[in-house]
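One letter stands for each residue in the lines below.
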Amino acid sequence: MDIFTVPAGPLRANSYIVTEDGKNAVLIDCGGAEPLFFAKEKGLAVDTVLLTHGHFDHIAGCAALQAAGAKIGAPKGDLPFISSQGNLAAAMGFAVPPFTVDMTYNDGDVLDICGMKFTVVGTPGHTPGGVCFLSGNALFTGDTLFCGSVGRTDFPGGSAAELHRSLLKLFALEGDYTVYPGHDAATTLGYERKYNPFR
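Bear in mind that the values here come from a model prediction, so they are computed numbers and not experimental data. (Residues numbered from 1 in each chain as written. Predicted model: local features only at pLDDT ≥ 70, side-chain atom pairs only at ≥ 80, totals over all residues. Heavy atoms only, no water.)

A. Inspection of the sheet that holds strand β6 (residues 103-105) at higher detail. The sheet built from six strands is open, its strands ordered β1-β2-β3-β4-β5-β6 with mixed pairing. Of all the strands in the sheet, just β1 (2-8) and β6 have a single pairing partner and so form its edges. Strand after strand, the sheet turns through a mean of 25° between neighbouring axes, direction not considered. Summarising the sheet, strand β2 (residues 13-19) and strand β3 (residues 24-28) pair through four bridges and their orientation is antiparallel. (Pairing = 2+ DSSP bridges. Helix = DSSP H or I, 4+ residues; strand = E, 2+ residues; numbered from the N terminus. Axes fitted to C-alpha atoms, helices over the stretch in contact; angles between N-to-C directions.)

Spelled out as structure tokens, the structure:
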């Protein structure tokens, strides 16, 4: 499995292009159109976009990807945010081009896409319906867990208590994983178990 990190959108949030066969790809989060251009350069067709949560800096490129033929998946618990002021775009002076959610998922679902399996791990706290994705030895954490930090909980729908429970849930996973967060550098779950100050 190959993973390409593509900072995208106004806040340069990390989008991740994941491919098993070098032809078809899944995109984790989509802050802007940059992943579409990157995929075309690599000769990859993005089949599906999987969103970790509904904030504008992770969804603003979905319309462009959908126009290019990708399906859009979103956590069921964050659907109210995606097309409302809850996505924070208006509050930050941005706009999200409209798109349609083609599929939803919940904690525990296993998504089989492009020959890869993505296990949905429900991690509310940053948003009410936020999720992470496990695939192989990769853990895509959106804005739940960062290198040495965690997501904010002072936005509408955020909860510090929920986020702490979600962190404990991630830290309880067996084994180690490379953590691909929604912002900043990658890390490992083993490192965050030991050193994250919010553990």
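B. Main features of the side chain of D143. In this structure, D143 sits in the loop between β10 (138-142) and β11 (145-146). Buried charge D143 goes without a salt bridge, the closest partner of opposite sign being R152 at 8.9 Å. Only 3.3 Å separates the side chain of D143 from the side chain of H126, close enough to count as a polar contact. With residues near it in sequence (within four places) discarded, D143 still touches H53, D57, H58, H126, V150, G151, G182 and H183. (Buried < 20%, exposed > 50% of the residue type's maximum accessible area, 1.4 Å probe, protein only. Lys, Arg positive; Asp, Glu negative; His and termini not counted. Salt bridge = Lys/Arg side-chain N within 4 Å of Asp/Glu carboxyl O. Polar contact = N/O pair within 3.5 Å; in protein donor to acceptor, adjacent residues only side chain to side chain. Contact = heavy atoms within 4.5 Å.)

C. Representation of the state of the cysteines within the structure. Summed over all chains, the structure comprises zero disulfides. You can see C30 has no disulfide; the closest cysteine sulfur is in C62, sitting 4.8 Å from it. (Disulfide = S-S within 2.5 Å.)

D. Seen up close, the sheet that holds strand β14 (residues 187-188). With mixed pairing, six strands are arranged side by side in an open sheet as β7-β8-β9-β10-β13-β14. The outermost strands of the open sheet, each flanked by one partner alone, are β7 (110-113) and β14. Each of β8 (116-122), β9 (131-135) and β10 touches helix α5 (residues 160-171); the most contacted strand, β8, lies at about 140° to it.

E. Quick look at the environment of A45. In this structure, A45 sits in strand β4 (residues 45-50). C-alpha of A45 to C-alpha of A13: the two residues are 32 residues apart in sequence and 21 Å apart in space. When near neighbours in sequence (up to four residues on either side) are disregarded, A45 contacts K23, N24 and A25.

F. Local environment of the nonpolar core. If you look at the biggest cluster of nonpolar residues, it comprises 41 residues, and the most contacted ones within it are V49, L51, F118 and F133. Among the elements that make up this core, the one with the highest residue count is β3 (four residues). Here F133 is in contact with I28, L50, L51, T52, Y105, L111, F118, T119, V120, A138, L139 and F140, once residues within four sequence places are set aside. Counting residues in hydrophobic clusters, the runner-up holds 13 residues, among them L134, L139, L170 and L189. (Core = buried A, V, L, I, M, F, W, Y, C linked by side-chain atoms within 4.5 Å.)

G. Broad picture of the packing of aromatic side chains. Applying the stated criterion to the full structure yields seven aromatic pairs. Ring geometry for F4 versus F38: centroids 5.5 Å apart, planes at 55°, classification tilted. In this pair, F4 is assigned in strand β1 and F38 in helix α1 (residues 34-42), connecting sequence segments 34 residues apart. Of the residues examined, F4 reaches a relative accessible area of 24% and is grouped as partly exposed. In this structure F38 comes out as partly exposed when scored by relative accessible area, which is 22%. Seen in terms of ring centroids, F140 and Y180 are 5.3 Å apart; in terms of plane orientation they differ by 25°. Their pairing is stacked. In this pair, F140 is assigned in strand β10 and Y180 in strand β13 (residues 178-181), connecting sequence segments 40 residues apart. Note on accessibility: F140 and Y180 belong to one class, buried. A network of ring pairs unites the aromatic residues Y16, F140 and Y180 as a single cluster. (Phe/Tyr/Trp six-rings, centres within 6.5 Å; stacked < 30°, edge-to-face > 60°.)

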